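Fold and geometry: a report
Take a look at the letters that make up each chain.
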Amino acid sequence: MYWTDRIRQVKIILVAAAVVIAVVSLVVSHILVTDLADEERARMEIWAAAMRSFNMADENTDLELVLKVMNENNTIPLIVLEKNGDPILERNFSAPNRTEKDSIQYIRKEARALHDAGRYIRIDLGNGDYNDVCYADSLMLKRLTTYPYVQLGVVLIFVVIAIFALLTSKKAEQNKVWVGLSKETAHQLGTPISSLMAWTEMLKETYPDDDLIPEMDKDVKRLQLIAERFSKIGSLPEPVPASLTEVMQHVVEYMDRRTSSKVKISMNCPEQDIIVKLNAQLFEWVIENLCKNAVDAMEGAGSITLTVFREGRRVVAEVADTGKGIAKKNIKNVFRPGFTTKKRGWGLGLSLAKRIVEEYHNGKIFVKSSEVGKGTVFRIELTEE
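Residues numbered from 1 in each chain as written. Predicted model: local features only at pLDDT ≥ 70, side-chain atom pairs only at ≥ 80, totals over all residues. Heavy atoms only, no water.

A word on the side chain of Arg379
- Considering the arrangement of structural elements, one finds Arg379 in strand 11 (residues 375–383).
- According to the relative accessible area criterion, Arg379 is buried, its value standing at 6%.
- Of note is the side chain of Arg379, whose polar atom sits 2.8 Å from the side chain of Glu318.
- Once residues within four sequence positions are removed from consideration, Arg379 is found in contact with Phe309, Glu311, Val316, Ala317, Glu318, Lys364, Ile365, Phe366 and Lys368. (Helix = DSSP H or I, 4+ residues; strand = E, 2+ residues; numbered from the N terminus. Buried < 20%, exposed > 50% of the residue type's maximum accessible area, 1.4 Å probe, protein only. Polar contact = N/O pair within 3.5 Å; in protein donor to acceptor, adjacent residues only side chain to side chain. Contact = heavy atoms within 4.5 Å.)

Structure (structure tokens):
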């Protein structure tokens with residue numbers, strides 16, 4: 001749980017940092033864009049004043065200065081309109097078509113849009129006559145306007161990559177823990193199991209008619225099977241065609257002998273055998289783990305139903321119980337390593353079951369439904385080949 005909480009905290013910090021960077025970037029860019037827009041507006045007012053001086057020039061007008069002011073504008077697109085709306089001058093606009101007719105139509109369209117948007121400065125020429133200087137944003141201003149969104153995209157990509165790297169690192173570390181724990185468990189079980197097998201054989205020779213020795217032998221073989229299962233974790237056992245019905249039946253028989261008579265275990269399966277590619281030992285462990293969790297959830301009394309059926313090209317196995325159910329807030333966490341609602345337990349069973357189903361059998365396992373006080377249904381989906 002500590003590692004999971006740490007990862008969650010890091011993800012929250014990264015997302016919060018991205019949000020802060022994005023907000024600050026947008027605010028700063030907005031201020032810069034506003035300042036630059038005001039500056040361009042001021043430049044256009046100066047240009048309009050120079051245009052007015054040019055149109056009303058007399059012997060006292062410094063035409064050289066006026067033309068210098070007008071010719072220095074090489075960045076801000078502008079269009080000068082007559083009183084009747086016809087364009088008489090344009091600067092820094094690039095028409096999409098080369099023909100003069102199309103260019104004039106384009107200029108008129110742009111001028112109308114700018115004028116309707118209020119982006120013009122009126123030049124009073126006297127006697128009720130005037131020109132309107134319509135202006136658009138410069139290329140620099142347009143780039144500065146889009147820059148924060150580009151930056152925001154880069155920050156989001158960085159956050160996604162960082163979170164993906166953290167999750168990958170977490171998964172790799174979990175894999176090492178799983179493999180190490182499983183191999184060590186199998187190794188530690190090996191020696192006492194071998195001794196128990198030897199003692200069982202000696203007891204068979206000494207007490208050939210004792211009814212308890214065959215039961216002891218079954219339990220020893222069961223321990224041997226468990227050790228084999230743990231030894232296969234970390235490797236990639238090749239699934240082979242096996243009877244899913246038979247696997248489920250083994251679980252029913254095993255659980256029926258080891259649970260209270262108040263727990264009823266039943267199985268529903270089609271008459272025709274269902275053959276899928278399985279690692280029978282590991283898949284059987286998955287179903288056993290679901291059944292044991294169901295027994296714990298029912299607190300010693302209730303029913304468990306194992307169902308197998310085909311659904312299109314998929315084979316479905318469901319384990320339903322009449323236990324206390326899972327709260328909605330916990331459903332998404334049940335397969336997380338370390339999560340458990342039991343007073344005792346490591347919270348590793350369902351996580352390992354998910355790994356076996358999804359990584360070793362290319363299937364899916366999830367909580368199909370659950371209602372507090374009524375029970376839970378786990379669903380496993382496998383592809384039938």
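Let's pick the thread back up.
Side note on helix 6 (residues 244–257)
- In this model helix 6 runs 20 Å from its N-terminal to its C-terminal C-alpha over 14 residues, within 8% of the 20 Å that 1.5 Å per residue would give.
- By the burial criterion, the buried members of helix 6 are Leu244, Thr245, Val247, Met248, Val251, Val252, Tyr254 and Met255. (Expected span 1.5 Å × (residues − 1).)

Focus on the pattern of salt bridges
- Following the criterion strictly, the structure yields 17 salt bridges and no others.
- A salt bridge links Glu381 to Arg314; its shortest N-O distance comes to 2.9 Å. With a gap of 67 residues between them, Glu381 in strand 11 and Arg314 in strand 9 (residues 314–321) connect regions that are remote in the sequence.
- With a shortest N-O distance of 3.6 Å, Lys374 and Glu371 are connected by a salt bridge.
- Within this structure, Glu311, Arg314, Glu318, Lys364, Lys368, Arg379 and Glu381 form a network of salt bridges that share partners. (Salt bridge = Lys/Arg side-chain N within 4 Å of Asp/Glu carboxyl O.)

Some thoughts on the packing of helix 6 against helix 7 (residues 280–298)
- Direction vectors running N to C along helix 6 and helix 7 enclose 45 degrees, while the axes themselves pass 9 Å from each other. The orientation of helix 6 relative to helix 7 falls into the category oblique. You can see that helix 6 and helix 7 cross each other, and the crossing is right-handed. On the side of helix 6, the interface is formed by Leu244, Val247, Met248, His250, Val251, Tyr254 and Met255, while helix 7 contributes Ala280, Phe283, Glu284, Ile287, Glu288, Cys291, Lys292 and Val295.
- Residues of the contact of helix 6 with helix 7, tallied by class, amount to 11 nonpolar, one polar and three charged. (Axes fitted to C-alpha atoms, helices over the stretch in contact; angles between N-to-C directions. Parallel < 35°, antiparallel > 145°, perpendicular 65-115°, else oblique. Left-handed = near helix turned anticlockwise from the far one by under 90°. Nonpolar A, V, L, I, M, F, W, Y, C, P; charged D, E, K, R; others polar.)

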